[in-house]
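# Commentary on secondary and tertiary structure
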Amino acid sequence: DAKPKDSSEQEFKLEPDTELRFEVENPDNKSEKVVLELKSGNAEIFGTELVKDKPYFFWSGAKVAVFTWHGCTLELKGKTDVAYVAKETPMVMYLNVHAALEEERKKSEAEGKRGPIAMIVGPTDVGKSTLCKILLNYAVRATRRPIFVDLDVGQGQISVPGTIGALLVERPSGVDEGFSQLAPLVYHYGNNNPGANTALYNTVVTSLGEVTMDRMRSNKKANHSGAIINTCGWVKGDGYHQILHIAQAFEADVILVLDQERLYNELVRDMPDSVRTLFLPKSGGVVERTSKSRIDSRDARVREYFYGTKTNLYPHSFDVKFSDVRIYKIGAPSLPDSCMPLGMKAEDNMTKLVQVTPGMSVLNHLLAVSFATGVEEDVIRTNVAGFVCVTEVDMDRQTMTVLSPQPRPLPQTLLLLSEIQFMDSH
Ligand code: ATP
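As a starting point, this report considers the structure included with it. As the structure is a computational prediction, the values presented were derived from the model and not from experiment. (Residues numbered from 1 in each chain as written. Predicted model: local features only at pLDDT ≥ 70, side-chain atom pairs only at ≥ 80, totals over all residues. Heavy atoms only, no water.)

Around the ligand lies a shell of 21 residues, among which Glu-19, Lys-63, Ser-129, Thr-130 and Arg-289 are the nearest. A distance of 2.5 Å is found between an oxygen atom of the ligand and a side-chain nitrogen or oxygen belonging to Thr-130. Note that a nitrogen atom of the ligand is positioned 3.1 Å from one of the side-chain N or O atoms of Ser-283. The set of elements that each furnish at least two residues to the shell around the ligand consists of strand E2 (18-24), strand E7 (63-68) and helix H2 (128-141). (Near = heavy atom within 4 Å. Polar contact = N/O pair within 3.5 Å; in protein donor to acceptor, adjacent residues only side chain to side chain. Helix = DSSP H or I, 4+ residues; strand = E, 2+ residues; numbered from the N terminus.)

Below you can see the structure in the form of structure tokens.
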């Protein structure tokens, strides 16, 4: 069949140390597609090198920067919202950070100590996730095997929203997708707002920190490569205290503060001298996201969890009897301290397991499948195997239908109710 003529083909010649920024239109029509090709020279997208003459596809909503250290020619086909070449980028500074981390990694090998643990903090929309990606990609390109820790429960990259996780990075991320995921370590938090239950957030951060440190100790290569930690954009009040807690739980050596000098000054004041705190400017290319685009990207994360990035996964759907499952949520409604049993604090209530009677209240919710097999275990501090989504509830038959990456039956384990909801439109 005849190919439609593409009038929107553009060529860009980039000088050394510049980047092409583009956004793919995001109208209601979800199928907008842009194709990028490197025609000559070298270029990278957030630290991943492009292969010459290979087409890379980007879909509606994508916001991309193609950076070149030595100059290149790029070709762009399809409708873009904006496409321009920027001369001012912070990439040299980001490369210097990578170089400093590399020095620490070499030192750790020479001295037989663990490698640098770097944590990236800053308000929303300053490019924290992007900087993590760049530093991780540069590390693997330098033959390192760093651990990526994502503590952003709203826009995290490892599992579904409402979780925190860690994974070993063994190859650069795909240009149009994230890092490949072999056995990520995931903890259930159950909300996309880190402030919804600070006691629980800090508890799961501590657990992930302990297990991550253990894993580093048992893998020499990862141990010398260190870790890169992404955090939430909540930096005020309790959010700031969460940052201090994270730094402690993960024994951070370096804190990279993006964009906010006030936060930088607070951390310099509050961190021990052994922790190096650095201020970095944000890239002018980072796009501010509306709350709608945040909701859309959370939804896309869940869809991706079940169906894959290119609809290449085939989830199962099956019925589960209410009598065959035990569902719990974490955190009882808060009572004032004066109403609590003697010796108990309101905070303890926030990390308590509360049984949930299966019914309409779980419809469209995600349920975490815990590795814990009973409430006598420390369920909150146990990581999760994965997630199912409740797509139907039948009160007459006392069953629910679940969407699951694994075939039936559901393992004989505990399910933890998440506040995150997903409407399966497939
Ligand atoms: P959050 O508030 O969710 O924590 P963040 O600070 O982690 O946000 P990113 O997710 O890294 O921010 O970046 C926001 C968006 O900007 C992303 O879609 C990313 O692809 C895009 N972006 C980042 N850097 C650039 C750049 N130099 N040019 C164009 N787009 C960019």
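It is worth spelling out the side chain of Arg-298 at this point. With respect to the helices and strands, Arg-298 occurs in helix H7 (residues 291-307). Despite its burial, Arg-298 pairs with no opposite charge, the nearest such side chain being Asp-152 at 7.3 Å. Dropping the residues within four chain positions of it, Arg-298 is found in contact with Gly-154, Gln-155, Pro-161 and Asn-192. (Buried < 20%, exposed > 50% of the residue type's maximum accessible area, 1.4 Å probe, protein only. Lys, Arg positive; Asp, Glu negative; His and termini not counted. Salt bridge = Lys/Arg side-chain N within 4 Å of Asp/Glu carboxyl O. Contact = heavy atoms within 4.5 Å.)

Direction vectors running N to C along helix H1 (residues 91-111) and H2 enclose 50°, while the axes themselves pass 10 Å from each other. Classified by the angle between their axes, H1 and H2 sit oblique to one another. Like other packed secondary-structure pairs, H1 and H2 cross with a definite hand, here right-handed. Note on element contacts: H2 touches H1 through Leu-131, Ile-134, Leu-135, Tyr-138 and Ala-139, opposite Met-91, Tyr-94, Leu-95, Val-97, His-98, Leu-101 and Arg-105. (Axes fitted to C-alpha atoms, helices over the stretch in contact; angles between N-to-C directions. Parallel < 35°, antiparallel > 145°, perpendicular 65-115°, else oblique. Left-handed = near helix turned anticlockwise from the far one by under 90°.)

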